[in-house]
Structure formats: C-alpha cells, structure tokens
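Residue strings, one per chain:
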Amino acid sequence: MGGNKSSKFNKLSAAVPHASLAKAKEKLDLLRKFTTQGAELGEEITQVVSQMRQVAAPDNQPFLFTTVLADNEHLLRVAFRDCDDIKFRSFDARGTKALLVFLDGMTNVTLLEKNVLETLMEPTKGQKDGAISDLKGLVNTLITSSSLTLIRNTETAMEAILTGNALLMLDGIAEVLTIGTVKHIKRGIEEPKSEGAIRAPFDAFNETLSDNIVLLRRRSRDTNLKVQISKLGDRTKTSIALVYVANLVKPGLLEEVRRRLDTIQTDQILLSYTVAEAIGDHPWTPFPQTLSTEKPEKVISSIYEGRVAIMVDNTPFVLIVPCTYSSLMQSTDDFTVQPVIGSLLRITRHGAAFIAIYLPAIYIAIVSYHPGILPTPLAISIAELRAKTPFPSFLEALIMEALLELFQEAVVRLPGKLAGAASVVGGFVIGTTVVQAGLVNPLLVVITAVTAIASYSISSYNFGIALRALRVPMFIAATVLGIYGVIISALLVTIHLCSLRSFGESWLGGITDITLLEDWKDGLVRFPEKFLRTRPKEIGAQDRGKIGDNGG
C-alpha cells in the first residue's frame, strides 16, 4: 500500500453543528424511555383486547363462569346476596383451590362429606396427587356420587343449588359439577284424604314427585310406561311429569298436552289445579275437565286406557286427561265387588247426581205450582206443614241451602277436634232448631239432607261441588216456571254438557254416542272382567285389545 495515511476523527460538532456527546446521551435516554413506555402500552392494549374478546352472557344466563375461582365465587355471592341459607365451603382439593356451594337444610351434608370432601381432601386416595385440571377425571375416578352433571350454564347451576344439589367448582376450570345430594323433607305415604274406599289399596300420593313416580313404577314394570319431567313457573321452576304408556296413548294426545303446558306463562305453580285450569278447554264451566286423583291405581288404570297423567311436584293430586263423565263416576270399589254389585253402585251414583241437582227444585215446583200431582193426603200434609212457616218455598230452600253450605265450609276448615263439635252444633241447628223456629218446614229439612248425602256419594270431589253449584239456579227456574222451568234448565245443562270437550274428546263420551255403545260395558255399569277385553273406544288407544301386546 502506498504511503501511511493516519485516520482522522473529526469532532461531532464538525459533522452536526451544535451537537455534543451529552446531548447524544440525552436523546438515547429519551429513545429508551419511549421504547419502554411503548412496550407497557402494548401490554395494556393486549389486556383490553383480551377483555373485549370475552363472550357476553346469553339472555337466559345472568353471567358466565370463568376459569378464575375467585371470580366465580364473587359472581355467585352477588347472585345469592341476602340468602344466608346458601353455604360456601372453600377447601384444597389435592393442590387445587375448590369451592362447594349448597343450600343448607335441603342438601344431605353427610353424603356430601363422605362422597366429596373426604375423597378430594385425602391425598392418599385416588390415582395420583397433583393439581386437578380435568373435572371429567374427578367424575370417572374420585367422586362416588351416582348423580353427577357437568354444566356451564349458570342459570342451570343456580337452579341445581336451589333444588338441593351441591355445586363443585375448581380453580382453572370454567365448567362446574352438580352433585346429587338432595335431602327431601316430605310426608310419608298415607291413606287418601279425599277419596275413601273400602277394599282398595290404602297408599296415596304425597307432595314429593319422585315418591309419586315410584308408586306408579311399583304397580307397573312396563318399559313402555314413560315419564317425562319438565319445569313450569318462571319463578318457582316447579317440576311437572308427563306419564303415559308409549304404545297405547292416543296419537296426537301427548303432543297436545305438551303444547298446552308450554303455553302456560305464570310466575308460580303451587297447585295441580293451576295447571288443570290453564290447560282446560272451557274456563267458565263448573264441571271439571281433568280427572284429579290421589290414588296410584287409578292413574295406572287410566294411562293403560290411553290417557295421559300430569304429575305436579309439591301436590298429591295427579291430573288425568282426557276427562269424561264416566271416569268421574267410577270408583276403585267398583272393581273390588261382584260386577252386579259394582253396577248397582254406579247406578246409585248416577241417581245421586240427579238428586243432588234437581230434588230441591222439583220440590219447589210441585208445592208452588203443581200440588195436584201429589196424592191428596200428602198434599194436605205438606200444606199444613208449610202453613206454619212465613216464607215461600223458594226462600225456605234458599235458607236451608245457605245453612248447609256454611255448615260444610265450617267443618272442612276447622281442625279435627273442633270439626266434631261443629258437626253436633250444626246438625242440631239445621235439623231441629230451624224447624222449631218456624223458618222452614220439616219436609224441606229431609229433602235438604237427602240432597246433601247424594252430593257426598259422588266419587269425584270437584264434580260433587259442581253439582252443588247448580242447585240455586235450579231453585230460581222452578220458582219462576214451575216444573217447566226445571225441564228447561235440565235441557240447557244437557246441551252444555254435550258441547263440552276435554282434549278433543266429548265430555259425555259414550253416553250420547251410539257408535260407542260397547264402552257401556265399563261405563254406566260394569260387566264381568272376562268381557272387558277392549279399552274404551272413545279414548282412542293405539291398541284396543287388553290381552297381548303389540310391542313397542
């Protein structure tokens, strides 16, 4: 290389006027500061974007479970604020934070401690130690409860807690586990309160839906007997069970029952009658459109005719649809005696239904307009009795009806011990004192007593009340038009009954339809069992033959 040329560095100020090393350091520090702040800003933006990417809770859920246990606990505590009976139990499940949530009093705590807490808090049991990261692993290996459900829906989870189940949550897992630990507080299986029978089974439904279903399963081991459970009532979330026989129920009937149940919009379902009223065809008729019973054998017999039973939790009365006049007049006792006797019992009830409505009205019509149709001695005797009372026959009958209704309501509402005393006082007042006071004549007291006994002999309580409700309109018709008023009223009632429908079926059923004459074998009368080889034609069961099975 030719010649040595020494390198020469010029001053920074020579290249950049007014520049110096101190200023360069100052600018480098400023650049470093901007870079650091930009990184922090990027992290904050990432967190905001992450939060913004979270999916909003659907409309039917108040919130969504997250993977952070503390957040889930906070959300549940907010949802159950002021609910001191909701218990939160935090514990360490093999190195993982866990939380149990349950309803005090409705949860079987002993079962919870044995099947969950002891297992998860004991590190020597199970397959291996270490943090739990999979709830399915718990379900398959550790928790011994028979009823376990993995869910993410918060509404369902809170409903499970309020039902009496326990909720298990683990840190790092967004899913929760419901554990079946319901402890039912219930009444035992007792005798029916409203449907007396002499030789029928004495067990009756209670207020617990699971017990009632068991009573049906005990009587039928048929795989075609189906039970479908759903919820009704926006706030009470009451369990409703549809019970039917799959290969017998009339085509379309089950779908119609479901459709009507789905249309019920109400806050609360506390009584089965609330459901009966909501699904009925005619809201203004006094006659029942669903058969209500607390006897399991009656439900089994009905669903094997092709009907559908509706069971409501917290009430011992099961609804059966469709309902017909014949089904309301039947009793279990009809099938525990000889067919001839059973037929006589049914005929007696039909006569009692007629007496319960028309006897006082016929009395009023005869003594007011047509005394000539009576034998002369009897007419004179009645005239002498009525001469001692100041009121017309209509007012006499009305007084007796009012006293009878007051007496019945008092006996029903009073406690058992007081009801006995009220019966004695009421019987004395109605039977003796009213006559001695000259308010009514003794013959009307006898007629009122016969009418009351006739209405009590009806096997369906709701139907008996409907008959009682018709008596006063009959009084008025007999007072205005005499026996013609009674006849016209009877025709109007018959026309009304002919127009009634229960889930598409005629309420009077085979009584007015000659094509259903074969149903009379187990309708107005009861034939011997060997002649009852077919199911009622009016119900429309898929298989009409009672002997044999088409499968299904």
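## Points about the overall build of the chain
- Scanning the chain for helices and strands turns up 19 helices and 12 strands.
- On C-alpha atoms alone, the chain measures out to a radius of gyration of 39 Å, which is more than a quarter above the 24 Å that the 2.2 N^0.38 rule sets for 552 residues.
- A principal-axis box enclosing the C-alpha atoms of the chain has dimensions of 165 × 55 × 45 Å.
- The burial tally for the chain puts 41% of its 552 residues in the buried class.
- In the chain, the proportion of contacts linking residues at least 24 apart, taken out of those at least 6 apart, comes to 65%.
- Counting every atom, the chain has about 30,500 Å² of accessible surface; 60% of that belongs to carbon and sulfur.

## With respect to unusual backbone geometry
- A cis amide bond links Val321 with the next residue in sequence, Pro322, at an omega value of -10 degrees.
- Even without being glycine, Lys237 reaches a positive phi, approximately 50 degrees.
- Among the structural elements, Lys237 can be located in the loop between β6 (225–232) and β7 (238–245).
- Of note, Asn314 is a non-glycine position whose phi angle comes to about 75 degrees, a positive value.
- Along the chain, Asn314 falls in the loop between β9 (308–312) and β10 (318–321).

## Considerations on helix α16 (residues 442–456)
- Taking 1.5 Å of rise per residue, 15 residues should cover 21 Å, and α16 covers 21 Å from first to last C-alpha, within 8% of that figure.
- Considered for burial, the residues of α16 that qualify are Leu444, Val445, Ile447, Thr448, Thr451, Ala452, Ala454 and Ser455.
- Packed against the buried residues of α16 are α12 (339–368), α14 (393–413), α15 (416–436), α17 (461–469) and α18 (471–481).

## Focus: the confidence of the model for the chain
- Of the residues in the chain, 91% reach a pLDDT of 70 or more, and the chain-wide mean stands at 84.
- Within the chain, β9 carries the highest mean pLDDT (96), whereas helix α1 (residues 12–15) carries the lowest (66).

## Remarks on the sheet that holds strand β5 (residues 176–179)
- Strand order in the open sheet formed by five strands is β1-β2-β4-β5-β3, and the pairing between neighbours is antiparallel. At either margin of the open sheet sits one strand with a lone partner, and together these are β1 (86–93) and β3 (148–151). Pairs of neighbouring strands in the sheet enclose a mean axial angle of 25 degrees, with direction left out of account.
- Where β1 and strand β2 (residues 96–103) come together, eight bridges link them in antiparallel fashion. Residue pairing in the sheet places Asp92 in a bridge with Lys97 of β2.
- Contacts between helix α4 (residues 109–121) and the sheet are confined to β1, β2, β4 (166–170) and β5, with β1 contributing the most and set at about 25 degrees to the helix.
- Helix α6 (residues 154–163) rests against β1, β2, β3, β4 and β5 of the sheet, and its axis sits at about 60 degrees to β2.

## Points about a nonpolar patch on the surface
- A contiguous nonpolar surface patch, about 970 Å² in accessible area, is contributed by Val472, Ile476, Val480, Leu481, Tyr484, Ile487, Ile488, Leu491, Leu492 and Ile495.
- When residues of the nonpolar patch are traced back to their parent elements, those giving at least two are α18 and α19 (483–499).
- Among the elements that take part in the nonpolar patch, α19 stands out by supplying six residues, more than any other.
- Judged by its relative accessible area of 44%, Ile476 falls in the partly exposed class.

The rules behind these values
- Every residue gets a number counted from 1 within its own chain, in the order that chain's sequence is written.
- Per-residue local features are limited, in this predicted model, to residues with pLDDT of at least 70; the limit for side-chain atom pairs, both in listing and counting, is 80 or more; totals at the level of whole chains, interfaces and linings are taken over all residues.
- Based on all heavy atoms of the structure, the side-chain values leave hydrogens and waters out of the count.
- By the criteria applied, helices consist of DSSP H or I runs no shorter than four residues and strands consist of E runs no shorter than two, each listed in order from the N terminus.
- For the radius of gyration, the atoms used are the C-alpha atoms, and the globule rule reads 2.2 Å times the number of residues raised to 0.38.
- Three labels apply to residues, based on accessible area from a 1.4 Å probe with only protein chains included: buried if under 20% of the type maximum, exposed if over 50%, partly exposed otherwise in between.
- Whether two residues touch is decided by their heavy atoms; if any such pair falls within 4.5 Å, the residues are in contact.
- For the area figures, the Shrake-Rupley method with a 1.4 Å probe applies, and any residue is considered shielded solely by the protein chains shown.
- What a helix is expected to span follows from its residue count: subtract one and scale by 1.5 Å.
- On a scale of 0 to 100, pLDDT captures the predictor's confidence in every residue.
- Following DSSP output, two strands are said to pair if at least two bridges run between them.
- Convention adopted: a line fitted to C-alpha atoms gives each axis, helices being fitted over their contacting stretch, and angles between N-to-C directions are expressed from 0 to 180 degrees.
- To count toward a patch, a residue needs a relative accessible area over 30% and no salt bridge; like charges are then connected within 9 Å, while nonpolar side chains (Val, Leu, Ile, Met, Phe, Trp, Tyr) are connected within 5 Å.
- In what follows, salt bridge is the name for a side-chain nitrogen of Lys or Arg lying within 4 Å of a carboxyl oxygen of Asp or Glu.

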